[in-house]
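These are the residues of each chain, in order.
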Amino acid sequence: MAPKLSPTPETLVTRGWSDYALLDSGDGKKLERYGGFTVVRPEPQCFWSPRDPAAFDAANAVFDPQQEEEDSGRWRFDQHGPIDAFPLKWRDVRFTGRFTPFRHLAFFPEQAANWEWLDQRIRTLTASGSAKGDRQTGSSSPKGDRPTSNAPKILNLFGYTGVASLAAAAAGAEVTHVDASKKSVTYARENAELSGLADRPIRWIVEDARKYVAREVRRGSKYHGIILDPPKYGRGPTGEVWRLFEDMPGLLKDCAALLDDDADFLLLNAYAARISGLSLAYMMAEATHDRGGRIDWGELALSEDGPNARAIGLSFFARWSR
């Protein structure tokens, strides 16, 4: 049975929490709060005017992009000088903010809408016992053995610094976290320690996502949920080249083959100028053509705080669920 495709898009809006807020936006920039620091980053789609221009001038850190590459540039700090890594928190997950050379701070705050959804789905699965844990799960188990519990088995591809993996683990899942960057996986493991989740069943893998998934398919491994958050372009640990538009359709089909018969979700998120939630939805529909369920699609957005808040759409998603 083909999945039912939602006829209308959905906007998943992230609003501020204790350690993050979108304070203001406009003139191609956004003013954010990360813990106790205020940060200005470029955001070309903010065509409107900021409400408090002086607050932008008083920020602790400003990212100055290179002329033709908005994701490359340098950070400029206030009179107090450069800011080292600093602690942040989302619910039970603690992690470290870092000023990277790519304008990001080692996590993507708009993904909190996805973390919220994952938390609810996994807690429901755990409470209902829907994840039977009676199928071969290959290396989704911490030691590659058969599972010892009914915890949902979750695969997180392109897992970066691990906030989604840790949100899933905190909700009760056994998690396999895969990223091609050794540094990112090291940061993810450090975040697990900070969160008090280092003893949870999380397997950390430094590998090209396509290679890992292909091997899991050959092994007959199965998962109850899979998360994909691929970059537009990237390189694997041994020089593999990732291109979103060329490589994503095949990888998504392989991921669908890894879904257990009682799997609950397959979540795809993408950042790219020439893509849409609808295109991701049709790709998802082809990959899950015989699984039934439904496909929701749309975009993730960050919203300012306060009255008359404005929101910024930042990425697109498609989500198959049972």
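The structure displayed is predicted, hence computed values, not measured ones.

**Describing the overall build of the chain**
- Each helix and strand in the chain was counted, giving 7 helices and 18 strands.
- Taken over C-alpha atoms, the radius of gyration comes to 20 Å for the chain, in line with the 20 Å a tight globule of 322 residues would show.
- As presented, the chain carries roughly 14400 Å² of accessible surface, and 49% of it is formed by carbon and sulfur atoms.
- When the 42 positive and 44 negative side-chain charges of the chain are each reduced to one mean point, those points stand 4 Å apart.

**Some words on helix α6 (residues 244-257)**
- The terminal C-alpha atoms of α6, which comprises 14 residues, lie 19 Å apart, in line with the 20 Å expected from a rise of 1.5 Å per residue.
- Of all the positions in α6, only Leu244, Asp247, Met248, Leu251, Leu252, Cys255 and Ala256 are classed as buried. The buried residues of α6 occupy an angular sector of 165° when the element is viewed end-on, so they sit on one face.
- Residues of α6 that are buried sit in contact with β10 (153-157), α5 (209-219), β13 (225-228), β15 (241-243), β16 (265-270) and α7 (277-287).

**Side note on α5**
- Residues of α5 that are buried include every one of Ala209, Tyr212, Val213 and Glu216, and no others. Viewed end-on, α5 has its buried residues packed into an arc of 95°, placing them on one side of the element.
- In this structure, the buried side of α5 is in contact with β10, β11 (174-179), β12 (202-206) and α6.
- N-capping of α5 is provided by Asp208, with a side-chain oxygen placed 3.2 Å from the backbone N of Arg210.

Cut-off values and rules
Residues numbered from 1 in each chain as written. Predicted model: local features only at pLDDT ≥ 70, side-chain atom pairs only at ≥ 80, totals over all residues. Heavy atoms only, no water. Helix = DSSP H or I, 4+ residues; strand = E, 2+ residues; numbered from the N terminus. Rg over C-alpha atoms; globule rule 2.2 N^0.38 Å. Areas by Shrake-Rupley, 256 points an atom, 1.4 Å probe, with all protein chains shown as cover. Lys, Arg positive; Asp, Glu negative; His and termini not counted. Charge placed at Lys NZ, Arg CZ, Asp CG, Glu CD. Expected span 1.5 Å × (residues − 1). Buried < 20%, exposed > 50% of the residue type's maximum accessible area, 1.4 Å probe, protein only. Arc of directions from axis to C-beta. Contact = heavy atoms within 4.5 Å. Polar contact = N/O pair within 3.5 Å; in protein donor to acceptor, adjacent residues only side chain to side chain.

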